[in-house]
Amino acid sequence: DQQVKQNSPSLSVQEGRISILNCDYTNSMFDYFLWYKKYPAEGPTFLISISSIKDKNEDGRFTVFLNKSAKHLSLHIVPSQPGDSAVYFCAASERNTPLVFGKGTRLSVIA
Amino acid sequence: DAGITQSPRYKITETGRQVTLMCHQTWSHSYMFWYRQDLGHGLRLIYYSAAADITDKGEVPDGYVVSRSKTENFPLTLESATRSQTSVYFCASSPHSRTPGGNIQYFGAGTRLSVL
């Protein structure tokens, strides 16, 4: 049973436009959420996180939104750049348990 | 080199052989993790460790053994490799926390393992 779901395996966006990556979760006890970016032949790298006490966290071009009632979070990238092309993983955790990852969404930013 | 390193980067082995994947971190992070990445499955946790000599099973532990005699090393052993263990394996670490999910995890570059 998947606790963290990324229902879009892939997404294509034009350079300069907004990229929106979505993530849904089923465990209402999750209290910490992260996004990781992964390039081919490299390990995932941390991008941005949000605690369940917040509904938004911003870092430069990246903003994560959390809607606890809908058990949904999203990552917005504005403006999108070709270097943002990668696989993005959503992850979540609750107290005393390791991170649970989604299956990932492959973002392609087209110049 | 500072950070988290995995070795080897690539490994080909045969069914039934024992193989050990190495993971070394220089940050003195308390927590270390092993994941496997497979198409259609994302990242799945195999084992994790909260400190030296403390290990716990993750989502897919069968067929794997771990040990952690020193804080900086967390080797993963496939005692008798099977074709289904062909995958990309990632090691990660995170700083001390009361909970293993509360802190950011830092990943190694991965080991691509093929079992023939």
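The coordinates are above.
What you see is a predicted model, and the numbers here were worked out from it, not measured in a lab.

Caption draft 1: Expanded view of the interface of chain B and chain A. Contacts between chain B and chain A engage 22 residues on the former and 19 residues on the latter. Taken over both partners, the interface formed by chain B and chain A buries close to 1,600 Å², and the fraction arising from carbon and sulfur atoms is 63%. The interface formed by chain B and chain A contains 0 salt bridges. In this structure, the connection of chain B to chain A is made through 3 residue pairs in polar contact (both at pLDDT 80 or more). Of all the elements, strand β5 (residues 42–51) of chain B adds the most residues to the side of chain B that touches chain A, at 4 residues. Across the side of chain B that touches chain A, the residue classes break down as 10 nonpolar, 10 polar and 2 charged.

Caption draft 2: Representation of the pattern of salt bridges in the model. Evaluation of the coordinates by the stated rule reveals 5 salt bridges over all chains. Glu-58 of chain A serves as the salt-bridge partner of Lys-56 of chain A, at 3.9 Å between the closest nitrogen and oxygen. Look at Lys-56 of chain A and you get partly exposed, because its relative accessible area is 44%. A salt bridge links Arg-44 of chain B to Asp-38 of chain B; the shortest N-O distance between them is 3.0 Å.

Caption draft 3: Representation of the nonpolar core within the structure. Residues and elements named next belong to chain A. Counting residues in hydrophobic clusters, the biggest one holds 23 residues, and the most contacted among them are Phe-33, Trp-35, Leu-73, Leu-75 and Tyr-88. The element that contributes the greatest number of residues to this core is strand β9 (residues 86–93), accounting for 4 residues. Beyond its immediate chain neighbours, meaning those up to four positions away, Leu-73 contacts Leu-21, Asn-22, Cys-23, Tyr-25, Phe-33, Trp-35, Val-64, Phe-65, Leu-66 and Cys-90.

Caption draft 4: Up close: the pairing of β9 of chain A. All names here are of chain A. The element β9 is largely enclosed, with a buried count of 8 among its 8 residues. Here β9 shows a buried face lined by Ala-86, Tyr-88, Cys-90 and Ala-92 and a second buried face lined by Val-87, Phe-89, Ala-91 and Ser-93. In the sheet, strand β4 (residues 32–38) pairs with β9 via 7 bridges, with the strands oriented antiparallel. The residue bridging Lys-38 from the neighbouring strand is Val-87, located in β9. One ladder, built from 3 bridges, connects β9 with strand β11 (residues 105–110); its direction is antiparallel. Bridging from a neighbouring strand, Tyr-88 pairs with Thr-105 of β11. In this structure, β9 lies alongside strand β10 (residues 100–101), joined through 2 bridges in antiparallel fashion. Within the sheet, the bridge partner assigned to Ala-91 lies in β10 and is Phe-101.

Conventions adopted
- Residues numbered from 1 in each chain as written.
- Chains lettered and ligands numbered in written order.
- Predicted model: local features only at pLDDT ≥ 70, side-chain atom pairs only at ≥ 80, totals over all residues.
- Heavy atoms only, no water.
- Contact = heavy atoms within 4.5 Å.
- Buried area = accessible area lost by both parts, 1.4 Å probe.
- Salt bridge = Lys/Arg side-chain N within 4 Å of Asp/Glu carboxyl O.
- Polar contact = N/O pair within 3.5 Å; in protein donor to acceptor, adjacent residues only side chain to side chain.
- Helix = DSSP H or I, 4+ residues; strand = E, 2+ residues; numbered from the N terminus.
- Nonpolar A, V, L, I, M, F, W, Y, C, P; charged D, E, K, R; others polar.
- Buried < 20%, exposed > 50% of the residue type's maximum accessible area, 1.4 Å probe, protein only.
- Core = buried A, V, L, I, M, F, W, Y, C linked by side-chain atoms within 4.5 Å.
- Pairing = 2+ DSSP bridges.

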